[in-house]
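Notes for the structure review
Given next are the chains, with one letter for each unit.
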Amino acid sequence: MADWGQFETLRPDQAGTTSLVAGASRGIGRSIAIGLAAAGASVVGLARSADALDDLGDEIRTGGGEFLPLVADIADLEATAAAVAAAWRWKGGLDSLVNSAGATNRSSALEISPAEWDALFDVNLRGAFFLTREVGRRMLDGNGGSIVNIASLSGVVSDGAQVAYSASKAAMIHMSAVLADHWAPKVRLNCISPAWVRTEMTRDYLAVEDNVSAILQRTPMGRIARPEEMVGAALFLVSGMSSYLTGQNLLVDGGWTA
Ligand SMILES: NC(=O)c1ccc[n+]([C@@H]2O[C@H](COP(=O)([O-])OP(=O)(O)OC[C@H]3O[C@@H](n4cnc5c(N)ncnc54)[C@H](OP(=O)(O)O)[C@@H]3O)[C@@H](O)[C@H]2O)c1
């Protein structure tokens, strides 16, 4: 009889784990929160929109899961620290963090103001870093964990996004790699970099037919991604299935960079 016990951790089962998903109120983060709950995790959802988090909580509880909503703006470092402390207290720890909170800005390089630049970096980089540090510090003192940052194809190649957004995502990818080195082996950090996904963030851009055809020309899969298509990568990266993977950037890009 074969001994399959060694493969016990090689499944995305998250029963008994607790995950904090920042940016859970809509889009990619909402899908990942539901995917984690469906895999058995207790999920803390963080965002600024209380009503949207309540809707998500209803959906997760209807499916038999457990959910804690936390309303916070990740650009506000004190509020973020308080939210992480509350998330940690809920079940006595966190096994994973998925940071999908992010903003965009369509101002071109020649137009963008210093205030717009700062506002974007306050969320996409500064906010993401201090959130990651609040969680990472506790994981390092505790049982370790896995952190997944939602970066972007825009942080790797020029894909139609504007410069501030693209630069913030490139910085997030490198920040994650450096922290992966510093915090190994207890805490793993990886990025998921989606190409274009249909969410509120991209609704206006993807409403323009020329933008969509330019994207499709460069996308071997021949279509724009759905938010649910980021869930598999997230489950893989938080679970034991990726136990030797850290510091990587997983491009879920429909083949754009192939
Ligand atoms: N859609 C794409 O094509 C695409 C492609 C590559 C990467 N991404 C990245 O994927 C992530 C999710 O994007 P999405 O498309 O799902 O966008 P979305 O639908 O606009 O959702 C963004 C999420 O981030 C939260 N958020 C934004 N600013 C926040 C802040 N200051 N504090 C706390 N939460 C904040 C929003 O919640 P509240 O408004 O309720 O706070 C929302 O839950 C982002 O990091 C984005 O850059 C998206």
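Our subject is the structure that appears above.
My aim in this report is to walk through the structure given alongside it, one point at a time. Residue numbering note: each chain is counted from 1, following its sequence as written. The model is predicted, so local features are restricted to residues of pLDDT at least 70 and side-chain atom pairs to those at 80 or more, both for listing and for counting; the totals for chains, interfaces and linings are taken over all residues. No hydrogens and no water enter the side-chain calculation; it runs on all heavy atoms of the structure.

**Overview of the site of the ligand**
Distances are taken per atom, and a residue is near a molecule or strand as soon as one of its heavy atoms is within 4 Å of it. Taken together, 29 residues are adjacent to the ligand, and Arg48, Ser49, Tyr165, Val197 and Thr199 come closest. One of the backbone nitrogen or oxygen atoms of Gly23 is found 3.1 Å away from an oxygen atom of the ligand. Helix and strand labels come from DSSP, where a helix needs a run of H or I of at least four residues and a strand needs a run of E of at least two; each type is numbered from the N terminus. Every element with two or more residues in the shell around the ligand is listed here: helix H1 (27-38) and helix H5 (163-183). Classes in brief: Ala, Val, Leu, Ile, Met, Phe, Trp, Tyr, Cys and Pro nonpolar; Asp, Glu, Lys and Arg charged; the others, Gly included, polar. Per-class residue counts for the shell around the ligand are 15 nonpolar, nine polar and five charged. Counted as a polar contact is a pair of N or O atoms within 3.5 Å, where, for protein atoms, one must be capable of donating a hydrogen and the other of accepting one, and residues adjacent in sequence contribute only when both atoms are in side chains.

**Considerations on the packing of helix H4 (residues 114-141) against H5**
The contact between H4 and H5 brings their axes to 9 Å, and the two run at 15°. The angle between H4 and H5 places the two elements in the roughly parallel class. Two packed elements cross with a definite hand, and for H4 against H5 that hand is right-handed. Between H4 and H5, the residues in contact are Trp117, Leu120, Phe121, Asn124, Leu125, Ala128, Phe129, Thr132, Arg133, Gly136 and Leu140 and Val163, Ala164, Tyr165, Ala167, Ser168, Lys169, Ala171, Met172, Met175, Leu179 and Trp183, respectively. Partitioning the contact of H4 with H5 into residue classes produces 16 nonpolar, four polar and two charged. In this description, a line fitted to the C-alpha atoms serves as the axis of each element, helices being fitted only across the stretch in contact, and the angle between N-to-C directions of two axes falls anywhere from 0 to 180 degrees. Should an angle fall under 35 degrees it is called roughly parallel, over 145 degrees roughly antiparallel, and 65 to 115 degrees roughly perpendicular, with every other angle called oblique. Crossing handedness follows the turn of the near helix against the far one: under a right angle anticlockwise gives a left-handed crossing, and clockwise gives a right-handed one. By definition, residues are in contact when any of their heavy atoms lie within 4.5 Å.

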